[in-house]
Amino acid sequence: MVKYSFIVPIYNVENYLTKCVDSLLAQTYKNFEIVLVDDGSTDSSGLIADDYAQKWPQFITVEHQENKGLGGARNTGIELSQGEYLLMVDSDDYVSEQLLETVDKYLLQHNNDLLIFDYIVERDGIQKERLDNTDFYKPITSKQYFSEALAAWNKVYRVSLFKETGIRFPERIFYEDLATSPCLAIHAASIGVIKEPLYHYVQRGSSIMHTSDVQRMMEIIPAMKVVLEYYKQQGKFEEYYEELEYLAVCNILCSTVQRILSVRYDGSKIKQLEQFVRKYFSDYEKSSYIQNYLQQPGTRREKWIIEQRYGKLFLEYVVKKGLGAVRRR
């Protein structure tokens, strides 16, 4: 039986795909498969994937499909996977050759349903490790999970978290990770974190997380709504109220408002974001999670947002970028 399945969504990444797949094939632990999902690429990515499958049929399966977005491609990979555990790998990133060997050691010892590992951020060829000098392994609760990075690609998942719950990634929206990762927490009996950087997260200026399209940024609302409504359906909303509140405020207000203001002042969009958070969490300013968060160093801008001092923050972006780089509307 295959133990680990790498799921790799592919869309127009012909300049990055080879490095990604080579890093997976280089694993020192060999009981794995690679599921490459070509999500309607219009460049040579699909051909590159087919070539790899021909050379490495014992490891690689390729599926070509009409474009469904990153979430839809991951869902296809989940359905095709044969492994006991899943790993999501973005096709413009790459991994350590010791990734599987390392996580397997911890999974054998702790039998986690979810295992989170650290990563290295790369931008313009510069690497920045995120290690915080904590213990190399620590167990965490499902509530503590909300304080971890909720990206899809820094985790190992027991396949049952998807296949027995029906949880899938939403198609064709940004923030598909945010819409999915929190929903898995309540189904995981054991969650662990290891502080070994096993994944290389390559930031590109053309990636979706660097968009200047404000309308796409607003897709944070349907993504977060998926999570909040899921917790209500599962009867877990009140139990996880403070954690969900923290998640919504940090991602919808503290993060997305800043992204919008870094492009232009759009008061109607900011108001829409604030109203959405208020609908679920009317007194979020009083949250102990938020107050503790704002006491941390480097949260001055977030404090301004909670205090609704949007104009002051926008002016700071104008000064930082220059009047020609930020448009007011």
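Residues numbered from 1 in each chain as written. Predicted model: local features only at pLDDT ≥ 70, side-chain atom pairs only at ≥ 80, totals over all residues. Heavy atoms only, no water.

Caption draft 1: Structural view of the overall build of the protein chain. On a plain count of helices and strands, the protein chain comes out with 13 helices and 12 strands. Its C-alpha atoms give the protein chain a radius of gyration of 20 Å, near enough to 20 Å, the size a compact globule of 329 residues would have. If one aligns the C-alpha atoms of the protein chain with their principal axes, the spans along those axes are about 55 × 45 × 40 Å. Looking at the protein chain as a whole, 57% of its 329 residues qualify as buried. Restricting the contact set of the protein chain to residue pairs at least 6 apart, pairs at least 24 apart contribute 81%. Just so you have it, the protein chain exposes about 14,900 Å², and 47% of that area is on carbon and sulfur atoms. A distance of 8 Å separates the average location of the 40 positive side-chain charges in the protein chain from that of its 46 negative side-chain charges. (Helix = DSSP H or I, 4+ residues; strand = E, 2+ residues; numbered from the N terminus. Rg over C-alpha atoms; globule rule 2.2 N^0.38 Å. Buried < 20%, exposed > 50% of the residue type's maximum accessible area, 1.4 Å probe, protein only. Contact = heavy atoms within 4.5 Å. Areas by Shrake-Rupley, 256 points an atom, 1.4 Å probe, with all protein chains shown as cover. Lys, Arg positive; Asp, Glu negative; His and termini not counted. Charge placed at Lys NZ, Arg CZ, Asp CG, Glu CD.)

Caption draft 2: Spatial organisation of unusual backbone geometry. In this structure, N111 is a non-glycine residue whose phi angle is positive, near 55°. Judged by relative accessible area, N111 falls into the partly exposed class, the value being 48%. Phi is positive for Q308, which is not a glycine, with a value near 60°. Structurally, Q308 can be placed in the loop between α12 (300–306) and α13 (310–321). A residue is classified by how much of its surface remains accessible, and Q308, at 37% relative accessible area, is partly exposed.

Caption draft 3: Up close: the environment of Y317. When you line up the elements, Y317 lands in helix α13. Considered as a pair, Y317 and Q127 are 190 residues apart in the sequence and their alpha carbons are 26 Å apart. At 3.4 Å, the side chain of Y317 and the side chain of R301 are in polar contact. (Polar contact = N/O pair within 3.5 Å; in protein donor to acceptor, adjacent residues only side chain to side chain.)

Caption draft 4: A look at the pattern of salt bridges. In this structure the tally under the stated criterion is 17 salt bridges. A salt bridge links D104 to K3; its shortest N-O distance comes to 2.6 Å. A residue pair is termed long-range when its members are at least 10 positions apart, and D104 in helix α4 (residues 99–110) and K3 in the segment before β1 (4–10) qualify at 101 residues. With relative accessibility at 14%, the residue K3 sits in the buried group. Residue R74 pairs with E176 through a salt bridge whose shortest N-O separation is 3.1 Å. Pair noted here: R74 is in helix α3 (residues 69–80) and E176 is in helix α6 (residues 176–185), with a separation of 102 residues, a long-range link. For the pair R74 and E176, one class covers both residues: buried. Salt bridges here are not isolated pairs; linked through shared partners, they connect R74, D90, E176 and D177. (Salt bridge = Lys/Arg side-chain N within 4 Å of Asp/Glu carboxyl O.)

Caption draft 5: Geometry of the pairing of β1. Across the seven residues of β1, seven count as buried, placing the element largely inside the fold. Covered by surrounding structure in β1 are Y4, F6, V8 and I10 together with S5, I7 and P9, the residues of both alternating faces. The sheet contact formed by β1 and strand β2 (residues 32–39) spans seven bridges and is parallel. What sits directly across from F6, in β2, is I34. Handedness of the crossover joining β1 and β2 through helix α1 (residues 17–25): right-handed. Taken together, the four bridges between β1 and strand β4 (residues 85–88) define a ladder with parallel strand orientation. Looking at β4, one finds that I7 is bridged to M88. (Pairing = 2+ DSSP bridges. Right-handed = clockwise from strand over helix to strand, strands pointing away.)

Caption draft 6: Summary view of the side chain of E302. One can find E302 in helix α12. Among buried charged residues, E302 stands out as having no salt bridge; its nearest opposite-charge side chain is R301, 7.0 Å away. Those residues in contact with E302 that sit more than four places away from it in its chain are C254, Q258, Y293 and L294.

Caption draft 7: Quick peek at α1. For α1, the complete set of buried residues consists of L17, C20, V21, S23, L24 and L25. Considering only its buried residues, α1 is in contact with β1, β2, α2 (45–55), β3 (60–65) and β5 (94–95).

Caption draft 8: The environment of K312, seen in detail. Relative to the helices and strands, K312 is located in helix α13. Classification of K312 by relative accessible area gives partly exposed; the value is 41%. As for K312 and R301, which are separated by 11 residues in sequence, their C-alpha atoms are 9.3 Å apart.

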